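Listed below are the residues making up each chain.
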Amino acid sequence: MTEARYYDIRCVRGEATLIDIDNGVVESAGTSFFDRTVVRVLGPKGWGILTRDHVDIDSKRQIGALVEAATRLAVATHDLVDLADAPRDLLPVPPLAEDPREIDLEEKTRLLAGIESAARIPEVANTRARYTEGIDQVRFLDSGGNEFSYEAVRSGFSVLAIASRNGVMQMGSERDHITTGFNLRDKQDLGRKAGEVAVSLLDAKLAKGGAMRAVLDPELAGVFTHEAVGHASEGDLVREGASVLAGKIGERIGREGLVIVDDPSLHEFGFIPVDAEGVGVRRTEIIRDGILTSFLHNRETLAAVGDGVPGHARAEHGAPPIVRMSNTFIENGDATYDEIMAECKDGILLIGSRGGQVDPGRGVFQFNAEYGYLIEGGEATDMVRDVSLSGEILSTLHDIALIGDDRRMSPGYCGKGGQTVPVSDGAPHLLLEGATIGGRGE
Amino acid sequence: MNEGYLTDKVLRAGDALADEVEVFCTRNRSVSAGIKKGILGTAEESESWSMTIRTIKDGRIGFSSTGDPDRWRECLDAALASGRIATAQEWGGLPVPDAAMCSAPSADLDLVVGIENAAGMVEDLLAGAAEHPVDVVGGGADLGRSHRELANTNGVAYSMERTIAAVSLEAIREQSTGYEFDASPFIDEISPRAVGEAAASLAFRSLGGGRVDTGRYDVILSPIAAASLIGNILIPALSGRNVKAGRSFLADKLGDQVFDETLKIYDDPFRPGPGSTAWDGDGVPTELQVFVDRGVLERFAYDLRTAYRYGEESTGSAVREGAGEPGIGVHNLFIDGLRRSDMGYGQAISVHSVVGAHTANPFSGDFSVEISNPFWIEDGEAIRPLRTAMLAGNVFEMLRDIEGFGTDDRRIGRLTLPSIRLNNQQIIGKQ
């Protein structure tokens, strides 16, 4: 019988509540239940991983049988994995200002309907709002005797407005998600904003493609940080040889003064009190003063690659942990918004984000703004729509000409390896030189 | 566990509390062999079970799901509670059993869900990749079998099997990457070795890519590139719910010549594919649905609830993913049109895949994406690789003016399509 060198078991049991209101109609409003367990065993070489529903983590017999089965799987692997030692501690979970479980479904539906109807202004043809609430009871134990349990509560919503005129359709969307309580009260402003953006986009021009100066707002600059640097600094991609940042620790990859951080301990939407391998989480400076300083690691990639900080393993329910970002941001610089606009002079101001994607091996990324304005003589002028940007990881951080002093974090979800986890991204306003803008205007 | 027994229990208990009750159970088993640093790194096996319950009372639809059979009562109560909040709608009843119900080719009886089998596929992937001087940085093989069962209080009790065999490989040479994949319910339809070879070849051939100036070019989208743009934009626009809600570009265009006059778009649930099924997520019998014929918009896709609400007929287009509520989707969507054997005539840029298709504007159809593995084509020959550029356009406009379809039909998820040539497209080069 082959011996397991290590095993861990992570069980997430909980409830997910979803409310969907579409054009004033409550399409669905309900709660579902899940209970998923992942058992990982390190055999003589690599990982054997088992996923099951509703495992009794307190049953030694059941756990023993699952560990044995995972050990048999592990025998099939060839890649020798070692685990680095890592600190073990569990941060306190932030107290809930208001516990969403104490509010009934009727009230949640009513509050969401208020946000949805606020988006319904003249020329808006469709409004839709979705509330999502997740209550996760997480339990973790490993063969080293480490054991943790905690509860994570997430509550938030998104609202979408579609404006329509003479066959032209444009969208505005807003979202807000938190880990610190119930998040539906006094949010009608965001509904109204979604409606207003959608309507103003009806008159927006198509952006012209090409290289130009671009000012990114904090939300878009956050997505830029996530795509341009965050993914490529993930230790698993570095270990596999799939990141252009491999071997570049200690090298200058960005301008002086640039600091880029991933910090799972912040009480933002990507907060975790302990990582999915039971490792304590801490602030990790990926880039310090323009120099690549740390990779994001789990225990395996820290052992294989070094040069970084563990505590970045995360997992969706019922999926094995992989290296992920949590709360990723550029630290404040000292430029004011007015200075950034004046310095830009002629270019484009880009606001909000519809997401992005990166090929970390090729070192190329793309991300998309919700809308923008042309900048002429330092002033924002005509509104533009459907603007994407693309850039190269190894050169783009040198192109940051000014770093603002007004950092703001935005919540979102990040997909990798088929798993989606909550994250937040942020930055102050940034001025980029020579950004490649993908517009289709002539 | 005995699903039939549990389903009956839920239907009986629910019948007393609602007008109609529906129970959908899935049981999945899958294995996966993952590649790490060019060798087999992880071996996974997953089993899952879920039950989703829908209740209908006075036109109000309630929904809940659970992964724990012991919580069925809580799940039923949650579905009923959810129905009390949902807005009431026109409702004509859940389907009754269809005596003529047949089956669709959705499962491979010979497919074995075993880690050794997946490991063998990984060996073939790696052998294919070894034909070119590249490093393999990821990928793997998955095998899965699932059992799906749908029952309602009108006597419907359908069940089916689905199988899936999937492989992928990601290769790199310096800063040139190549990714390829394939998936099918039928294991003999995929060739891990060919997938490995194709990914490695892409990474190798794309090495040393040059630049391209901003301008208008003829573009050949591979089936992968075309599928990611069409999947994100066209499929949502065909959904009857989006149409009625005022968020489909195609909403008021039924009967109009909306696309190129050779274009045909149809959903065939009886062709072999990952979405093959004889009954949809509501229990409605599926049939061939032609959405666009000769470029004319013929119909939209409806599930039961949307059809009842707006006085339309269900097109059997309800799909279920995981333990979620059924929604409008496609089973096996085919895109067809005028084929040309000389797709690469003259000068053009070929695009293998795109980065950021999900950021397209699904309502207007506008997109601007980074292109991957582009090549400069002259007279059908890939002359040289290009390193990076963006492609900007509008999917609805593109489909109006198609230069031609290739003969290289390929299944990408639930979409099957050939490569598409589009002339005079906007390319944005880098400085």
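What counts as what
- Residues numbered from 1 in each chain as written.
- Chains lettered and ligands numbered in written order.
- Predicted model: local features only at pLDDT ≥ 70, side-chain atom pairs only at ≥ 80, totals over all residues.
- Heavy atoms only, no water.
- Helix = DSSP H or I, 4+ residues; strand = E, 2+ residues; numbered from the N terminus.
- Rg over C-alpha atoms; globule rule 2.2 N^0.38 Å.
- Buried < 20%, exposed > 50% of the residue type's maximum accessible area, 1.4 Å probe, protein only.
- 1 Å grid on protein atoms, 1.4 Å probe; cavity = no way out; pocket = protein on both sides within 12 Å on 5 of 7 lines; lining within 4 Å.
- Points joined across faces, edges and corners; volume = space filled by probe spheres on them.
- Domains from an automatic or database assignment.
- Contact = heavy atoms within 4.5 Å.
- Buried area = accessible area lost by both parts, 1.4 Å probe.
- Salt bridge = Lys/Arg side-chain N within 4 Å of Asp/Glu carboxyl O.
- Lys, Arg positive; Asp, Glu negative; His and termini not counted.
- Polar contact = N/O pair within 3.5 Å; in protein donor to acceptor, adjacent residues only side chain to side chain.
- Nonpolar A, V, L, I, M, F, W, Y, C, P; charged D, E, K, R; others polar.
- Pairing = 2+ DSSP bridges.
- Axes fitted to C-alpha atoms, helices over the stretch in contact; angles between N-to-C directions.
- Expected span 1.5 Å × (residues − 1).

Caption draft 1: Local environment of the overall build of chain A. When its secondary structure is counted, chain A shows eight helices and 24 strands. For 442 residues, the compact-globule estimate of 2.2 N^0.38 gives 22 Å, and chain A sits close to it at 23 Å. In terms of overall dimensions, chain A has C-alpha extents of about 70 × 55 × 35 Å along its principal axes. Counting the 442 residues in chain A, one finds 63% classified as buried.

Caption draft 2: Fine view of the environment of A:Leu216. Looking at the element boundaries, A:Leu216 is found in strand β8 (residues 208-216). You can call A:Leu216 buried: its relative accessible area is 0%.

Caption draft 3: Quick look at the layout of surface pockets. All names here are of chain B. The computed volume of the largest pocket comes to approximately 510 Å³. Lining the largest pocket are 25 residues; nearest its centre among them are Ile-220, Ser-222, Ser-350, His-352 and Asp-408. Where the lining of the largest pocket is concerned, the elements lending two or more residues are α4 (192-205), β7 (215-221), α5 (223-238), β14 (347-351) and β17 (375-378). With four residues, the top contributor of residues to the lining of the largest pocket is α4. Counting the residues that make up the lining of the largest pocket, at least three belong to each of domain 1 (3-202) and domain 2 (210-431).

Caption draft 4: Structural detail: the interface of chain A and chain B. With 81 residues of chain A at the contact, the number on the chain B side is 72 residues. Both sides together, the interface formed by chain A and chain B hides about 6,300 Å², and carbon and sulfur atoms give 49% of it. Broken down residue by residue, the surface that chain A buries against chain B is led by A:Phe33, A:Arg362 and A:Arg440, which jointly contribute 13%. Linking chain A to chain B there are 14 salt bridges.

Caption draft 5: Examining the domain arrangement of chain A more closely. All names here are of chain A. Here chain A is partitioned into domain 1 (6-203) and domain 2 (206-440). Between domain 1 and domain 2, the C-alpha centre-to-centre distance is 22 Å. Contacts between the two partners involve 46 residues from domain 1 and, on the opposite side, 39 residues from domain 2. When domain 1 packs against domain 2, the two sides together hide about 3,600 Å² of surface, and 57% of this comes from carbon and sulfur. On the surface where domain 1 and domain 2 come into contact, there are four salt bridges.

Caption draft 6: Seen up close, the side chain of A:Asp263. All names here are of chain A. Locating Asp-263 in the fold gives a position in the loop between β9 (260-262) and β10 (284-288). Comment: no salt bridge for buried Asp-263; closest opposite-charge side chain is Arg-283, at 5.0 Å. Within the local environment of Asp-263, its side chain forms a polar contact with the side chain of Ser-265, the two groups lying 2.6 Å apart. Among residues more than four places away in sequence, those in contact with Asp-263 are Arg-282, Arg-283, Ser-326, Asn-327 and Phe-329.

Caption draft 7: Main features of the domain arrangement of chain B. Residue and element names in this part refer to chain B. Its domain assignment divides chain B into domain 1 (3-202) and domain 2 (210-431). Measuring from the centre of the C-alpha atoms in domain 1 to the corresponding centre in domain 2 gives 23 Å. The interface of domain 1 with domain 2 comprises 39 residues on the first partner and 34 residues on the second. With both chains or domains summed, domain 1 and domain 2 bury close to 3,100 Å², and 56% of this area falls on carbon and sulfur atoms. Taken together, domain 1 and domain 2 are joined by four salt bridges. Inspection of the region where domain 1 meets domain 2 yields 18 residue pairs in polar contact (both at pLDDT 80 or more). When contributions to the side of domain 1 that touches domain 2 are tallied by element, the ones reaching two or more residues are β1 (20-36), β2 (39-57), β3 (60-66), β4 (135-152), β5 (157-173) and β6 (176-184). Partitioned by chemical class, the residues of the side of domain 1 that touches domain 2 number 19 nonpolar, twelve polar and eight charged.

Caption draft 8: Here's a closer look at the pairing of strand β9 (residues 289-293) of chain B. Residues and elements named next belong to chain B. Across the five residues that make up β9, a large majority, four, are buried. In terms of strand pairing, strand β8 (residues 264-267) meets β9 through three bridges, oriented antiparallel. Bridge pairing in β9 links Tyr-266 to Val-290. Alignment of β9 against strand β10 (residues 296-297), held across two bridges, turns out to be antiparallel. Considered in β10, the bridge of Val-292 is made with Leu-297. Between β9 and β10, which pair antiparallel and follow one another directly, the connecting turn spans two residues, one of which, Arg-294, has a positive phi of 50°.

Caption draft 9: Region of the structure containing the pairing of strand β2 (residues 25-42) of chain A. All names here are of chain A. For β2, a buried count of 17 out of 18 residues is recorded, marking the element as mostly surrounded by other parts of the structure. When strand β1 (residues 6-22) meets β2, the two strands line up antiparallel, connected through 17 bridges. What sits directly across from Val-12, in β2, is Arg-36. As consecutive antiparallel partners, β1 and β2 are separated by two residues, and within that stretch Asn-23 has a phi angle of approximately 50°, a positive value.

Caption draft 10: Expanded view of the side chain of B:Ser50. Its place among the elements puts B:Ser50 in strand β2. With residues near it in sequence (within four places) discarded, B:Ser50 still touches B:Phe24, B:Cys25, B:Thr26, B:Thr66, B:Gly67 and B:Ala323.

Caption draft 11: Structural context of the sheet that holds strand β23 (residues 419-427) of chain A. Residues and elements named next belong to chain A. In spatial order, the strands read β11-β10-β9-β16-β23-β22; together these six strands make up an open sheet with mixed pairing. Only two strands of the sheet have a single neighbouring strand rather than two, namely β11 (291-292) and β22 (408-416). Here three bridges tie β9 to strand β16 (residues 327-330), and the two strands are oriented antiparallel to one another. From the neighbouring strand, Val-261 faces β16, where its bridge partner is Phe-329. Here helix α4 (residues 218-230) sits on the sheet in contact with β9, β10, β16, β22 and β23, set at roughly 120° to β23.

Caption draft 12: Region of interest: the sheet that holds strand β22 (residues 415-417) of chain B. Residue and element names in this part refer to chain B. Across the sheet, six strands lie side by side as β10-β9-β8-β13-β22-β21; this open sheet has mixed pairing. The sheet is open, and its two borders are formed by β10 and β21 (410-412), each paired with just one other strand. Strands in contact with α5 are β8, β9, β10, β13 (333-336), β21 and β22; relative to β22, the strand with the most contacts, it is inclined by about 125°.

Caption draft 13: Local environment of helix α3 (residues 115-129) of chain B. Between the first and last C-alpha of α3(B) there are 21 Å, a value that for 15 residues agrees with the 21 Å anticipated at 1.5 Å per step. Every buried residue belonging to α3(B) is among B:Ile115, B:Ala118, B:Ala119, B:Met121, B:Val122, B:Leu125, B:Leu126, B:Gly128 and B:Ala129, and all of these are buried. Packed against the buried residues of α3(B) are α1 (60-74) of chain A together with β1, β2, β4, β5 and α4 of chain B.

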